[in-house]
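Structural features, examined
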Amino acid sequence: MFRGFYHAASGMLTQQRRVEMLTNNLANIHTPGYKADQSSVRAFPEMLLQRLETEKSPTGNVTTKMSRIGSINTGVYVQDLTPKFKQGDLNKTELSTDLALNNITMPTNADGMVGSIFFTVENPDGGLQYTRNGNFTLDGFGFLTNANGQYILDTAGNPIQLTSDQFAVTTDGWIQQNGQNVARLGIGYAENPTELTKTGEGLFAWNDGQALPSAYENDQVSFSIQQGYLERSNVDATESMTEMLASYRTFEANQKVLQAYDRSMDKAVNEIGKI
């Protein structure tokens, strides 16, 4: 009986986490470069139930044997949340500081994972971070930064400094000002993007802030950089709302099961217990 409580409760907690994830996805539907989370729901390990029995022989000897009852599952849980690195649509802004990664072709690794690429950002606390949000700006000293004021880095890992917002970015990442190449945008390549860790504000980190390999150095990676565009969030509003409604229905079903168990326990204690 008590196991039923645990099973229903674990189902409710799982759906609550899924609703929180989907709500966060919908809240970021207009965040440039945002990558929607997706959940993996797993069952807890099954347990094998066995019963110990004692048996007395005619000679008076007592023996103990174990009889198998069967297996039992102990509920479900959300194992992890994994970003979906599908390319988002492009939105034209015509701002010179807005950049988007486009026309991306990625190789597939031995595990069947498709790689992904990112702009390189300096982490003020040390190490590097990566983002697909190309909504950049110039600070008071002419450095190219993101909305949090973090420096956007070039291929050498240095901040990019410009004299004004009158600059051009070629499709292969070169920033040009007055007809001269100033710097080349640092683009990191993640062979297995699921190894990246979300650090908030649309940023990712790899291996405790270590540098990803350069996308320019991989012959199997091809892409172009579009100036004056931003990559939209890849959240599918219709799909997210459908999944959210399904999670609500599953939550309510588990809730009704829990209430049924509660009524049964109430009768067992207050009615059967009086007999």
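Below: a short report on this structure. The structure displayed is predicted, hence computed values, not measured ones.

Moving on to the overall build of the chain. Secondary structure assignment for the chain yields two helices and 18 strands. A burial count over the chain gives 36% of its 275 residues as buried.

Attention now moves to helix α2 (residues 237-270). Here α2 spans 49 Å end to end across 34 residues, near enough to the 50 Å set by a 1.5 Å rise per residue. Turning to α2, its buried residues are Ser 240, Met 244, Ser 247 and Asn 254. At the N-terminal boundary of α2, the capping side chain belongs to Asp 236, with an oxygen 3.1 Å from the backbone nitrogen of Thr 238.

Mapping Ile 187 onto the fold places it in strand β14 (residues 187-190). Since its relative accessible area comes to 3%, Ile 187 is described here as buried. A sequence separation of 69 residues divides Ile 187 from Phe 118, and the C-alpha atoms of the two residues are 5.5 Å apart. When near neighbours in sequence (up to four residues on either side) are disregarded, Ile 187 contacts Leu 101, Ile 117, Phe 118, Phe 119, Thr 120, Pro 213, Ser 214, Ala 215, Tyr 216, Phe 223 and Ile 225.

The next point concerns the packing of aromatic side chains. Scanning all chains against the criterion turns up six aromatic pairs. Aromatic side chains Phe 85 and Phe 118 sit 5.8 Å apart centroid to centroid with 85° between the ring planes, which places their arrangement in the edge-to-face category. In this pair, Phe 85 sits in the loop between β4 (76-83) and β5 (90-92) while Phe 118 sits in strand β7 (residues 116-122), placing the two residues 33 residues apart along the sequence. Residue class for Phe 118 comes out buried when judged on its relative accessible area of 0%. Between Phe 85 and Phe 204, the ring centres sit 5.5 Å apart and the planes meet at 50°, which makes this aromatic pair tilted. A residue pair is termed long-range when its members are at least 10 positions apart, and Phe 85 in the loop between β4 and β5 and Phe 204 in strand β16 (residues 203-205) qualify at 119 residues. No difference in accessibility class separates Phe 85 from Phe 204, as the two residues are buried. Here the basic side chain of Arg 184 rests over the ring of Tyr 216, its NZ or CZ set 3.7 Å away from the ring centre.

Tracing the sequence through the fold places Asn 192 in the loop between β14 and β15 (197-200). When residues no more than four places from it in sequence are discounted, the contact partners of Asn 192 are Asn 109 and Met 113.

Note on placement: Gln 150 falls in the loop between β10 (144-145) and β11 (168-169). A polar side-chain atom of Gln 150 sits 3.0 Å from the main-chain carbonyl oxygen of Glu 122. What Gln 150 contacts, discounting residues up to four positions off in sequence, is Val 121, Glu 122, Asn 123, Pro 124, Gln 129, Leu 144, Thr 145 and Leu 203.

Cut-off values and rules
- Residues numbered from 1 in each chain as written.
- Predicted model: local features only at pLDDT ≥ 70, side-chain atom pairs only at ≥ 80, totals over all residues.
- Heavy atoms only, no water.
- Helix = DSSP H or I, 4+ residues; strand = E, 2+ residues; numbered from the N terminus.
- Buried < 20%, exposed > 50% of the residue type's maximum accessible area, 1.4 Å probe, protein only.
- Expected span 1.5 Å × (residues − 1).
- Polar contact = N/O pair within 3.5 Å; in protein donor to acceptor, adjacent residues only side chain to side chain.
- Contact = heavy atoms within 4.5 Å.
- Phe/Tyr/Trp six-rings, centres within 6.5 Å; stacked < 30°, edge-to-face > 60°.
- Lys NZ or Arg CZ within 6 Å of the ring centre and 35° of its normal.

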